[in-house]
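Commentary on secondary and tertiary structure
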Amino acid sequence: MSELNTDNYGELLVAVKQRIRAAQYEALKAVNKELIALYWDIGRLIVSRQQGQSWGKSVVEQLARDLQAEFPGISGFSVRNIWNMRNLYLTYSQNEKLQPMVAEIGWTHNLVIMEKCKDDLEREFYIRMTRKFGWTKNVLINQIENQSYEKTLLNQTNFDQTVSENIRQQALLAVKDEYTFDFLELASEHSERQLEQAILAKVEPFLQEMGGMFTFIGSQYRLEISDKEYFIDLLLFHRRLKCLVAIDLKIGEFLPEYVGKMQFYLAALDDKVRLEDENPSVGIILCKLKDKTIVEYALRESNKPIGVATYRIVSTLPQELQDKLPTPKQIAKLLSGF
């Protein structure tokens, strides 16, 4: 080792370890893809035989016993799991778009999505999000229970007018209408400072709830303009949009003047902080409450990309929003932006 240049060897070691991890990841993906393909074919064979024969539930039970006897060292051939294989085929066999996508996420993820999602558009959303952000099974369950699908589709932004077309769909999917911060362990009454401190103590789950593609830059981010200091509550960076994201925390109801303040922050960030290869900065005003009509008017004339969202300490979707999702055609168009 003494004859080696330690700096060069360190670089070599890092490169080799990265290559090994990449190979392991690709191998895991290949194994998973083959496993899902196997389960798909078993499900297809069962369905096709049941359609042509007068077979009931007993065929699945018999098949499970015979497969477990034939392949004693291989798990996955329980009665319940074989029924799941059949369900996988029945769920996606008529949707050519989703068929190849189910092999891109794990089997347990597929089971959660089939069980908890009510239609193909919702399933597509969570399949794509799981694939893109590498959600674990527990994170996926939490996202579904927190109704991320509905809250993403109902978001209020002015991105249609202020974000370039090449990243507009991605931007729309990056902001929810409501965020659930049940992990913060805050009382229902709290100050903005307490909210910020609670977020800083739980940065990782906070970034996960924000969508998974954010990195944390700082809190009370300082801007100096004309010898005066201004502070942004939280500053993040969105890796896919390649832009700074300023977050203004408010513990009360949204007020129209918050938009002017955010425009000021975004102008300063674009001028003084943004790098040449980055897209214009985006702002998220995070409030306890909002009136959607007031938000709509406040954002209408804004020339900076801003979204207004609410946060809750407990997971719920307001009753008045339950039946206001976009049409299936609009949802499909939005999902094409992934």
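Residues numbered from 1 in each chain as written. Predicted model: local features only at pLDDT ≥ 70, side-chain atom pairs only at ≥ 80, totals over all residues. Heavy atoms only, no water.

Before going further, it helps to examine the overall build of the protein chain. When you go through the protein chain residue by residue, the secondary structure sums to 14 helices and seven strands. Oriented by its inertia axes, the alpha-carbon framework of the protein chain measures out at about 80 × 70 × 40 Å. Expressed as a percentage of the 338 residues in the protein chain, the buried residues total 45%. By element, 50% of the accessible surface of the protein chain is carried by carbon and sulfur atoms, the whole surface being about 18600 Å². Counting 42 positive and 46 negative side-chain charges, the protein chain places the averaged centre of each group 4 Å from the other. (Helix = DSSP H or I, 4+ residues; strand = E, 2+ residues; numbered from the N terminus. Buried < 20%, exposed > 50% of the residue type's maximum accessible area, 1.4 Å probe, protein only. Areas by Shrake-Rupley, 256 points an atom, 1.4 Å probe, with all protein chains shown as cover. Lys, Arg positive; Asp, Glu negative; His and termini not counted. Charge placed at Lys NZ, Arg CZ, Asp CG, Glu CD.)

Along its sequence, the protein chain is organised into domain 1 (6-145) and domain 2 (155-312). For domain 1 and domain 2, the distance between their C-alpha centroids amounts to 36 Å. Counting residues at the interface gives six residues for domain 1, matched by nine residues for domain 2. Interface area for domain 1 against domain 2, summed over the two sides, is near 590 Å², with a carbon-plus-sulfur share of 46%. (Domains from an automatic or database assignment. Contact = heavy atoms within 4.5 Å. Buried area = accessible area lost by both parts, 1.4 Å probe.)

To continue, consider helix 12 (residues 257-272). Compared with the 22 Å implied by 1.5 Å per residue over 16 residues, the 23 Å span of helix 12 between its first and last C-alpha is a close match. Within helix 12 the residues assigned to the buried category are Tyr258, Val259, Met262, Tyr265, Leu266, Ala268, Leu269 and Asp270. Close packing links the buried residues of helix 12 with strand 3 (214-225), strand 4 (228-238), strand 5 (243-249), strand 6 (282-287), helix 13 (292-300) and strand 7 (306-312). (Expected span 1.5 Å × (residues − 1).)

This part is about the packing of helix 3 (residues 79-92) against helix 4 (residues 107-116). Helix-helix packing is described using two parameters, namely the angle between the two axes and the distance between the axes. Following both chains from N to C, one finds helix 3 and helix 4 inclined at 65°, their axes separated by 11 Å at the closest point. Helix 3 and helix 4 meet at a crossing whose hand is left-handed. Across from Asn81, Asn84, Met85, Asn87, Leu88, Thr91 and Tyr92 in helix 3, the residues of helix 4 making contact are Trp107, Leu111, Ile113 and Met114. Classifying every residue of the contact of helix 3 with helix 4 gives seven nonpolar, four polar and no charged. (Axes fitted to C-alpha atoms, helices over the stretch in contact; angles between N-to-C directions. Left-handed = near helix turned anticlockwise from the far one by under 90°. Nonpolar A, V, L, I, M, F, W, Y, C, P; charged D, E, K, R; others polar.)

Judged by nonpolar contacts, the single largest core of 74 residues is most densely connected at Tyr92, Tyr126, Phe181, Phe206 and Ile247. Residue contributions to this core reach at least three from each of two domains, namely domain 1 (6-145) and domain 2 (155-312). Look past the residues within four positions of tyrosine 92 in its chain and what remains in contact with it is Trp40, Leu98, Gln99, Val102, Ile113, Met114, Arg123 and Ile127. Leu244, Tyr258, Val259 and Met262 belong to the second-largest nonpolar core, a separate cluster that totals 22 residues. (Core = buried A, V, L, I, M, F, W, Y, C linked by side-chain atoms within 4.5 Å.)

This brings us to the packing of helix 5 (residues 120-133) against helix 14 (residues 328-335). Viewed as axis vectors pointing N to C, helix 5 and helix 14 meet at an angle of 15°, and their least axial separation amounts to 10 Å. As far as their axial angle goes, helix 14 and helix 5 are roughly parallel. Taken as a pair, helix 5 and helix 14 cross one another with a handedness that is left-handed. Taken together, the residues of helix 14 that come into contact with helix 5 (itself represented by Leu121, Glu124, Phe125 and Arg128) are Pro328, Ile331, Ala332 and Leu335. Considering only residue class, the contact of helix 5 with helix 14 consists of six nonpolar, no polar and two charged. (Parallel < 35°, antiparallel > 145°, perpendicular 65-115°, else oblique.)

Attention now moves to the pairing of strand 4. Each regular strand carries side chains that alternate between the two faces of the sheet. As defined by bridge partners, strand 3 adjoins strand 4 across 10 bridges and the pair is classed as antiparallel. The partner of arginine 222 across the bridge, within strand 4, is phenylalanine 231. Here strand 4 folds back onto strand 5 in antiparallel fashion, the turn holding four residues, of which lysine 242 has a positive phi close to 55°. (Pairing = 2+ DSSP bridges.)

Tracing the chain through its elements places tyrosine 9 in helix 1 (residues 6-52). For the pair tyrosine 9 and glutamate 192, spaced 183 residues apart in sequence, the C-alpha separation works out to 49 Å.

The subject of this paragraph is the environment of serine 226. Structurally, the position occupied by serine 226 is in the loop between strand 3 and strand 4. A relative accessible area of 66% places serine 226 in the exposed class. Spatially, the C-alpha atoms of serine 226 and glycine 260 are 18 Å apart, while their sequence positions differ by 34 residues.

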